[in-house]
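As a plain string of letters, each chain reads:
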Amino acid sequence: MKHSRHVVRLAVMCVMALVFCIGLTAQAQMVLKLSEIHPQGYPTELADEEFARLVNLYTKGGIKVDVFPGGQISGDEKVVIEQVKIGAIAIARVSSGALGSFNAQLNVFSLPFLFDSKEHMWAFLNSPAGQKMLADLAPSGFVGLCWYDGGARSFYANYPINKIEDLKGKKYRVMPNNLLVKMVEAMGASAVPMAAGQVFSAIQTGVIDGAENNPPSLISFNHYQVAKHYLLDEHLRLPEVLFMSKIVWDKLSKDQQDALRKAAAETVAFQRQKWDAYEIEALNKIKAEGEIIIPVADKTPFKNAVKQLIAEESPKFAETLKAIDTLRPKK
Ligand code: GTR
């Protein structure tokens, strides 16, 4: 009798302990918001989803990353970055062109014709100097998780553009970043800094004549519908960045931080593969939609136009530029 009462008491205690533990685990799940300007299915968005899946796996359900695609949080990356800085949003995927306004060293990527090719860019991003740039986001209030591919950006407009002279006196949208303003002005156009979410109607209503971006973005923002001329001068290769709020990061345990880093690192190859496939598909789709695509065989006039700007800006990035040069493919 005494023995069975003891067993019952023990069983009750075990059940209570179990309930307590389950309660703790349920309570302990942390939800982190991730902001993405592109819609579902876009290469960076697919990478965000993969990141969320891996974070869930590596934290054994302890952290849930909620991806908000299509600019649901904001279609303005500047606003998103500000929110990440104060910890209101935990994570975001943005262009390094946008983040450059918050961390000056990232502006090296806003120097036109910086990389010879995609391979050159990745050789740098994967190098110690490229990875250090992610770590160096910390003083700006961010934790850099990984780089993604953002292809090459070219000009597109609602009027025929065939050569650099055609940019003269026209209004082109740029991301809000002083260096990008200077770049467009060096090429002869007037730069209009504006959030990506406003560009479609600005072209449609003639507030601007054109903008510049990679082929996948022409599709995801529907810009090909209002700007039918695409001049493939490929003046910029701006890597995309997955990054986090340092305020939120500092609240995580070391194990959680390691899990997030591991998850992010593992999404890079995944994103690059999705990007490469979609880049070709996007260009074909734009062509099929009646876009007039002008390849630029000789980029010399474009390069000449920004020569002075590059000379003026280069001293700010001396060390990084040296690392980039060392990795330049031999001709
Ligand atoms: C895209 C990039 C976006 C956004 C956009 C822009 O290529 O993926 O994150 O920065 O360009 O021009 O604002």
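Scroll up to find the structure.
These lines cover the structure that appears in this document, whether it is placed above or below. (Residues numbered from 1 in each chain as written. Predicted model: local features only at pLDDT ≥ 70, side-chain atom pairs only at ≥ 80, totals over all residues. Heavy atoms only, no water.)

Within the secondary structure layout, K168 lies in the loop between β5 (153–157) and β6 (171–174). Spatially, the C-alpha atom of K168 lies 38 Å from that of V268, the residues being 100 residues apart in sequence. (Helix = DSSP H or I, 4+ residues; strand = E, 2+ residues; numbered from the N terminus.)

The next point concerns the site of the ligand. Taken together, 14 residues sit near the ligand, with H38, E77, R173, N213 and E240 positioned nearest. The side chain of N214 places a nitrogen or oxygen atom 3.1 Å from an oxygen atom of the ligand. At 2.6 Å, a side-chain N or O of E240 approaches an oxygen atom of the ligand. Here the ligand, which alone exposes 320 Å², has 98% of that area covered by the protein. (Near = heavy atom within 4 Å. Polar contact = N/O pair within 3.5 Å; in protein donor to acceptor, adjacent residues only side chain to side chain. Areas by Shrake-Rupley, 256 points an atom, 1.4 Å probe, with all protein chains shown as cover.)

Membership of the largest hydrophobic core comes to 81 residues, with the highest contact counts inside it found for F51, I91, L99, F109 and M244. Sorting elements by how many residues they give to this core places strand β4 (residues 142–148) first, with six residues. Ignoring sequence-local partners within four residues, the contact set of L99 consists of I81, V94, L106, L137, F142, V241 and F243. Membership of the second largest hydrophobic core comes to 21 residues, among which are Y42, V199, V226 and I286. (Core = buried A, V, L, I, M, F, W, Y, C linked by side-chain atoms within 4.5 Å. Buried < 20%, exposed > 50% of the residue type's maximum accessible area, 1.4 Å probe, protein only. Contact = heavy atoms within 4.5 Å.)

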